[in-house]
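# Architecture and fold: a report
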Amino acid sequence: MNRRLQRCTSWLVWVAMCLPTLAQAEEHWAFQAPSRPSLPPIARAAWARNPIDTFISSHHERQGLQPQPEAKRLLLLRRLYLDLIGVPPGPDEVARVEAAPDESWYEGVVQQLLADPRHGERWARHWMDVWRYSDWWGLGDQLRNSQKHIWHWRDWIVESLNANLPYDEMVRLMLAADESHPDDLDKLRATGFLARNWYLFNRHQWLEETVEHVSKGFLGLTMNCAKCHDHKFDPVSQMDFYRMRAVFEPYQVRNDMLPGVTDIDVDSIPRAFDGWLDKPTYRFVRGEETKPDQSVVAQPGIPDFLTPPMPTVEPIMLTASAWQPARRPWVQESMMEAARQKVQKASLELAATHEKPAGVESPMPEAQAALKVAESLVTLAQTELESLQKRISASRAQWDREDRKQATPCDEIAVAVQAERRASVAKSTHQVAEAELRVLRAEPGKKDEMEKQLAAARESLTKAVAVSESEVKAGEIFTRIEGARWAATRFDDSTKDDAPVAFPAESSGRRTALAAWITDPRNPLTARVAVNQIWMHHLGTPLVATVFDFGRKGTPPTHPELLDWLATELITSGWNMKHLHELIVTSTTYRMSSTMVGGEANAVKDPDNLRWWRRNPIRLDAEVVRDSALALTGELDATRGGPPIAAAAQAESKRRSLYFFHSNNDRNLFLTSFDTAMVKECYRREQSIVPQQALALTNGRLVLDASWKIADRFSTEVSADADFINLAFSVLLGFKPGDAEMKASLEALGAWSALPPDEGRDAASTARSHLIWSLLNHNDFVTLR
Amino acid sequence: MQTAHPFRTLPRRAFLADMGLGFTGLALGAMLQREGRAEETLWVPPDGQPHFAPKAKSVIWLFMNGGVSHLESFDPKPMLNKYAGKTIAETPYASTQSPDKLALARVTVPDANGNQRNELYPLQVGYKPYGQSGMEISDWFPRIARNADRIALVRSMYTTDSNHGAQTQFHSGRHNLDGDFPNLGAWVHYGLGSLNENLPQFISMGTREYWNKRDGHYLGPAHDAVPLRIDPANPLDFGISERPFSQQSKEIGISLMRRLNDLRGVEYPQEPAMAARIASYELAFRMQTSVPDIVDFSKEAEETKSLYGLDQPHCREFAGQLLAARRLVERGVRFIQIQHGGGGAGAWDAHGGLKENHATQALAVDQPVGALLEDLDRRGMLDETLVVFATEFGRTPGSQGGTGRDHHVFGFSVWMAGGGLKRGVVHGTTDEIGFHAVDNRHYVTDIHATILKQMGLDSRRLEIPGRKRLEIDHGVPITEIIA
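Computed from a predicted structure; not experimentally measured.

## Things to note about the sheet that holds strand β3 (residues 251–257) of chain A
All names here are of chain A. Read across the sheet, 3 strands follow the order β4-β3-β8 without closing on themselves; strand pairing throughout is antiparallel. Each edge of the open sheet is held by one strand with a lone partner, namely β4 (268–274) and β8 (484–486). Neighbouring strand axes in the sheet, compared pairwise and without regard to direction, differ in orientation by 30° on average. When β3 meets β4, the two strands line up antiparallel, connected through 7 bridges. Of the residues in β4, the one forming a bridge with V253 is A272.

Take a look at the structure:
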């Protein structure tokens, strides 16, 4: 009865909370810029290593909580490694830290790990969850979502984190590097953030997802709730949703050619650009895309109640080589180099053909025809090289005129057109030669068909010759050099590409304005949302539970002053994330034990540990589980970056899990069973405990193979069983075995040794590998205590 | 009274104590996972008990991928033969195509398919009335037809996605464009605790290749169906050791692991995650023996095996899945979701060559499905087992390319049997040419609501904070077919 009454009361409170005035809504804590809170006075001053602890301690004291003691050294080492670089310490590191004379080892390890390039790999995966990293997916081979070479963006994230690029700069580059650094391919990789949202069929879905996740990911605002009607909880009008959409309305995706790779399909940089400068944004009545309200054009902007206002949108004139990427020197060089290589290859083939003597297998006429094919291929390659040269010259001359604002066409155009025509003749000539050879080689039944093909080839040649002999007409153009390719959409008809979108000379500047506003130090949300994510990954539980909703329907922070202190610290440090990592991991709060022992009185007052009187244990992320097992074998492949590992190659791969192909449709089964990120939305991962995980760890070859290798590796370090057990517990689980654990382990080793050993191994090493297998299945292997 | 949003009023630990850490398996893992949310909001997860007295204990969900023609299966229309070759505009039914009536369809992808087909296409197969009810069923489904008096047929279904995203829509109730939402099986799994401690409670069979491959979505991966293969040697992912590992060695390892985990409880007592981890291993080990047993049919009578059609090549695959489904139901599994013809757009997607396509696909499912109903009934299990035979949409009355029918969202058929539903009833109708559902129209979530009602669940009491559900997500139970 009492319980029911309480339920009803809670419900009424909840209803009441939902019905405030707009003014109250605007006063919501998260919509006010954070101010630097002063440090509260605390009694246990010695407990506090830095201001984080002061805030935490002040809550302890207010609630009469006694913080748990520091965790043991080995466990602290394990925490730092798994948290900062995502793999556990090896036997050497464990030994070194065990032998350390005082506590100064801790700071040293923190510095070392923050400088370790694996730090970027570990933390990139966290941000990739929030920023929705996804390799491409579609139906069969058809690209429908994201982009084929989106992994360049992943590499940019890893590199940026390792270089400690400020958070605000990362956000600005992801949203608008094409406007701020339009010719810098390295930085353009950042706009993979936008290229990932590319969707072949539906522009509305694409942009709606963009608005939703820009606002959830960077601002903790659920703008998506205002798509069909005004937001029910936050002062966001339906029009605000479309104003933010207008920021993104012009953007499209293209792939820019990389130095040395002339085939954009092979490799290129997927990036954003503004292609639809004049596209109006309309509010959809009730959010229905078939019902645009064309009476008002939504102007790019942000909800009015948020301060500061968004800066004025200023169109940005792009450098010429940004919108005419063929001007980029490496584009021309790469294409020339590729053309030269073709000539060389054809010449070599010709030489080889010359050397082949005519014989029984290759009668005289056929040998001659083959020679003709090889010769015509050389001619083709040469004329194509010439055509390219002339087209580059003509393009340069044209650019030169454009740069000097001259309207007159240049002579080089006609030269290029003629060169291209000659290449076309050479191509047809080569095709005729090939067709002739096919006729000679054709089996009797296929002769007619081959003759027909030859006749067609000859006809094409006649036409090409006729064209090449005609006069070049005014206005005739040559095939442009392609330095980038628009990612063709099919919004209008799923069976054919939409009309191509050109690369304009200017960009709208809308995304630059939005990025400037998001990263303005006065923005009330950005820094808070970022530090909440960072805190969550270090400590397992966020300060604001609703990590993507800081609005009024979200949960209030458990430690508002701490959140604001961290947010202002991030901003004043120059959005320095490594500084924040260091602060958090060197705090006393971070070092506490997660045990409940001795905390019984605390548990009565704060059963859910909302006040951080102990550490919360964390179920390791999927990638850390796999990477740890591999790292302990000593075989983890340290190669960084590059194209994702395809599903078929994953079982054999020793690369870090971060590099596995990961999309909506294709995810690694092992990682999936441990709650790897869903690509559509993953602001906070599940930490589920399900039997599939037990099956994956007991039966999967990952753990079975690792068990052998780890056992062999450890056996080279120690000889006695007791020492082996000691080392295995320390390195795999982060604690020293007690007497009971030692006894149980020794007994098990004895029992295994009495059984027939694995093939190719002796009884002792088989037993040890089984012990490792058991420890890899121990709760503490997948848990960060 | 219970409110739509029940709120947590007790500390979490007390709640866990109430639940008892003694029960094991998925439910606990799932519960602890929910607990992660519970600490953030004033709300309690379901306690595994039905909200009211249930009629059904288990659901067998059969889903025909690609879109079964309602016209050539369970809703034959003689007018198609009468007006064959005429455009709809030339028939008395011209008004079926008035734009306001077509506004229902919500296009994801403008496509060569999913369009209006105007020239009426005659029925490609005959049909007859069956059973006491005189239910008209096409000649391609003779075995199911023999069970007409066990079936509650709904001929007035509609959906809105004219692409195959409607497959997802039928499972989750939401259009593909809205995002990913939990499937019905995940809700049932979430709402009801374990009936069996040796098996996962939500199982999926058959190729799954509609737009989303998961079930739990925001309910969490603990509510994804566990995939099962009809292969006694390897029925589960990671179900057998991928390297040689003797059973004896493994048992020593497992008992060591248990011992070590228990010992850890000295330093880290009262840890629910540890308890759940231990429980998840126990269930995993039991699953390794209980799951192969499910797909080992050696103890089934020969008569039963041939009843399902296990000895017939044309329907062997589906027969095995349905026999396994019955065995799962016997062991108390809650929800068995079986996809027929999954892969690509789906095997039933007869844009051309409908006659050959549907004749073949029907042959692959008819005998096993009929046998399932007969077998469940003779064992007295049909009353507590709800069998669903569904598809994402129907097919157009008009012809596509002269030999096929296109996707059709405006009217199609779904039937259910058992689980406390009426036997031998037809509910709802489409118009004379099978175009629009005209009376007692039902959106796909009405099927969900009916099933949940029979399972004793109130979908509004399953809601979780922060995840607003719409009226249409809940649907309305089809009371007319409930016994």
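## Observations regarding the confidence of the model for chain B
Scored by pLDDT, chain B has a mean of 87; 88% of the residues are at 70 or more. Low pLDDT, under 50, characterises residues 1–42 of chain B; the stretch is placed with 102 contacts to residues that sit more than four places away or in other chains.

## Brief notes about the environment of A319 of chain B
All names here are of chain B. Here A319 lies in helix α11 (residues 316–330). Along the primary structure A319 and G309 are separated by 10 residues, whereas in three dimensions their C-alpha atoms are 5.7 Å apart. When residues no more than four places from it in sequence are discounted, the contact partners of A319 are Y308, G309, L310 and P368.

## Examining helix α3 (residues 51–63) of chain A
Residues and elements named next belong to chain A. The terminal C-alpha atoms of α3, which comprises 13 residues, lie 19 Å apart, in line with the 18 Å expected from a rise of 1.5 Å per residue. In terms of burial, α3 is largely enclosed, as 10 of its 13 residues are buried. Those residues of α3 not exposed but buried are P51, I52, D53, T54, F55, I56, S57, S58, H59 and H60. Buried residues in α3 make contact with α20 (526–539), α21 (560–572), α22 (577–585) and α23 (588–591). Two or three places before I52, at the start of α3, stands the capping residue N50, its side-chain oxygen 3.0 Å from that residue's backbone nitrogen. A positive backbone phi angle near 70° is found at G64, which sits one or two residues after α3.

## Examining the confidence of the model for chain A
When pLDDT is averaged across chain A, the result is 93; 96% of the residues are at 70 or more. Taken as a whole, residues 1–20 of chain A scores under 50 in pLDDT and shows 19 contacts with residues more than four places along the chain or in a different chain.

## Some points on α21 of chain A
Residue and element names in this part refer to chain A. For α21, with 13 residues, the first-to-last C-alpha span of 18 Å sits near the 18 Å given by 1.5 Å per residue. For α21, a buried count of 10 out of 13 residues is recorded, marking the element as mostly surrounded by other parts of the structure. Looking at α21, one finds that the buried residues are L562, L563, D564, W565, L566, A567, T568, E569, L570 and I571. As for α21, its buried residues are in contact with α3, α20 and α22. Phi turns positive one or two residues past the end of α21, at G574, with a value near 80°.

The rules behind these values
- Residues numbered from 1 in each chain as written.
- Chains lettered and ligands numbered in written order.
- Predicted model: local features only at pLDDT ≥ 70, side-chain atom pairs only at ≥ 80, totals over all residues.
- Heavy atoms only, no water.
- Pairing = 2+ DSSP bridges.
- Helix = DSSP H or I, 4+ residues; strand = E, 2+ residues; numbered from the N terminus.
- Axes fitted to C-alpha atoms, helices over the stretch in contact; angles between N-to-C directions.
- pLDDT = per-residue confidence, 0-100.
- Contact = heavy atoms within 4.5 Å.
- Expected span 1.5 Å × (residues − 1).
- Buried < 20%, exposed > 50% of the residue type's maximum accessible area, 1.4 Å probe, protein only.
- Polar contact = N/O pair within 3.5 Å; in protein donor to acceptor, adjacent residues only side chain to side chain.

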